[in-house]
Amino acid sequence: LKMFVFEVTSSYSQLYYIAFLAQSTSTICVDNEDCGYKLVISLVGIMFSKCFGQNVGEVALPMLMRHYSHAENEAKGHGDKEMTRAEQEFMMHEYDPIFEMVLDYQEIATIFGFVVLFTAAFPVGPLIAFVGFYMEIRVDAFKMTSQVKRPDPMPAETVGSWGMLMESMGLLAVYCNSAIIVFT
């Protein structure tokens, strides 16, 4: 939860400043229309980097870890002999189900916040998030099936506090979008 609070603060503070405070406290925006354009430009950059940039990192990091592990194994004397599939899977990066799952939920919740909190300013945001979430599903499936050791399944009844957090964001979105319509 602490990581999510930090992520939300660092992700949304610039957008709230541009949407509600920039015109009255600084010379960044000339008028409300200028603040609206700058808010949209910021949202485009942030949403593309969050939706697509993180997916590149999620694919690249396990591949680099796997390559490093193979190089380390060859340096220890495995030599030119081809490794079996079992040996390759043994050399894969360990998947930590608790930490990795928290990061995945945090990523989804952050993008969900961009979509619901700033839809009035950026109506194309849900489409970008949809494509990003689709890619996230594909990237996670690729990562789980070929880049990391497969974790043991663990049952869960709910998503826990993440569900309450999403509901809270939905309620906050009503006020945020109303304020964006009125003040920007």
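What comes next concerns the included structure.

Some words on the nonpolar core
(1) Moving on: In this structure, Leu43, Met47 and Phe118 are the most contacted members of the largest nonpolar core, which totals 29 residues.
(2) Moving on: Listed by contribution, the elements that provide at least two residues to this core are α1 (2-25), α2 (32-78), α4 (97-117), α5 (125-147) and α6 (161-183).
(3) Moving on: Excluding anything up to four places from it in sequence, Phe118 contacts Tyr12, Leu15, Tyr16, Leu43, Gly113, Cys176, Asn177 and Ile180.

Quick word on the packing of α1 against α6
(1) Moving on: Put simply, α1 and α6 touch, their axes get as near as 12 Å, and they point 10 degrees apart. For the element pair α1 / α6, the angle class is roughly parallel. For the pair α1 and α6, the contacting residues are Phe4, Val8, Tyr12, Tyr16, Ala19 and Phe20 in the first and Trp162, Leu165, Met169, Leu172, Cys176, Ala179, Ile180 and Phe183 in the second.
(2) Moving on: Among the residues forming the contact of α1 with α6, the class breakdown is 14 nonpolar, no polar and no charged.

So, the packing of aromatic side chains
(1) Moving on: Counted under the stated rule, the structure contains 7 aromatic pairs.
(2) Moving on: Between Tyr16 and Phe118, the ring centres sit 5.4 Å apart and the planes meet at 55 degrees, which makes this aromatic pair tilted. Linking Tyr16 in helix α1 with Phe118 in the loop between α4 and α5, this pair joins segments that are 102 residues apart in sequence.
(3) Moving on: Given a relative accessible area of 24%, Tyr16 falls into the partly exposed group.
(4) Moving on: Ring plane angle 20 degrees and centroid distance 5.8 Å describe the contact between Tyr105 and Trp162, whose orientation is recorded as stacked. Remark: Trp162 occurs in helix α6 and Tyr105 occurs in helix α4; sequence separation between them is 57 residues.
(5) Moving on: You can call Tyr105 partly exposed: its relative accessible area is 28%.

A look at the pattern of salt bridges
(1) Moving on: Counting across every chain of the model gives 5 salt bridges.
(2) Moving on: Between Lys149 and Glu94 there is a salt bridge, with the nearest N and O atoms lying 3.5 Å from each other. Remark: Glu94 occurs in the loop between α3 (85-90) and α4 and Lys149 occurs in the loop between α5 and α6; sequence separation between them is 55 residues.
(3) Moving on: Between Asp140 and Lys143 there is a salt bridge, with the nearest N and O atoms lying 3.9 Å from each other. Placement of the pair is Asp140 and Lys143 together in helix α5, with a separation of 3 residues, close to one helical turn. Lys143 matches Asp140 in its accessibility class, with the two residues each being buried.
(4) Moving on: In the salt-bridge network here, residues are joined through shared partners; they are Glu100, Asp140 and Lys143.

Parameters at a glance
- Every chain begins its residue count from 1, and numbering advances along the sequence as written.
- It should be noted that, the model being predicted, local features are given only for residues of pLDDT at least 70 and side-chain atom pairs only at 80 or more, the latter also being counted only at that level, while totals for whole chains, interfaces and linings use all residues.
- Side-chain numbers here rest on the full set of heavy atoms in the structure, without hydrogens or water.
- To define a nonpolar core, start from buried Ala, Val, Leu, Ile, Met, Phe, Trp, Tyr and Cys residues and group those joined through side-chain atoms within 4.5 Å.
- Exposed residues in this analysis have more than 50% of their type's maximum accessible area, buried residues have under 20%, and partly exposed residues fall in between, with area computed by a 1.4 Å probe over protein chains only.
- Strands here are runs of E lasting at least two residues and helices are runs of H or I lasting at least four, both read from the DSSP assignment and numbered beginning at the N terminus.
- Contact definition: two residues touch when any of their heavy atoms are within 4.5 Å.
- Under this scheme, a helix contributes an axis fitted over its contacting stretch, all axes are lines through C-alpha atoms, and angles between N-to-C directions fall in the 0 to 180 degree range.
- Under this scheme an angle from 65 to 115 degrees is roughly perpendicular, one under 35 degrees roughly parallel, and one over 145 degrees roughly antiparallel; angles in between are oblique.
- Residues are sorted three ways: Asp, Glu, Lys and Arg are charged, Ala, Val, Leu, Ile, Met, Phe, Trp, Tyr, Cys and Pro are nonpolar, and all the rest, Gly among them, are polar.
- Note on aromatic contacts: the rings of Phe and Tyr and the six-membered ring of Trp form a pair at centre separations within 6.5 Å, being stacked when their planes are under 30 degrees apart, edge-to-face when over 60 apart, and tilted otherwise.
- Whenever a carboxyl oxygen of Asp or Glu lies within 4 Å of a side-chain nitrogen of Lys or Arg, that contact is scored as a salt bridge.

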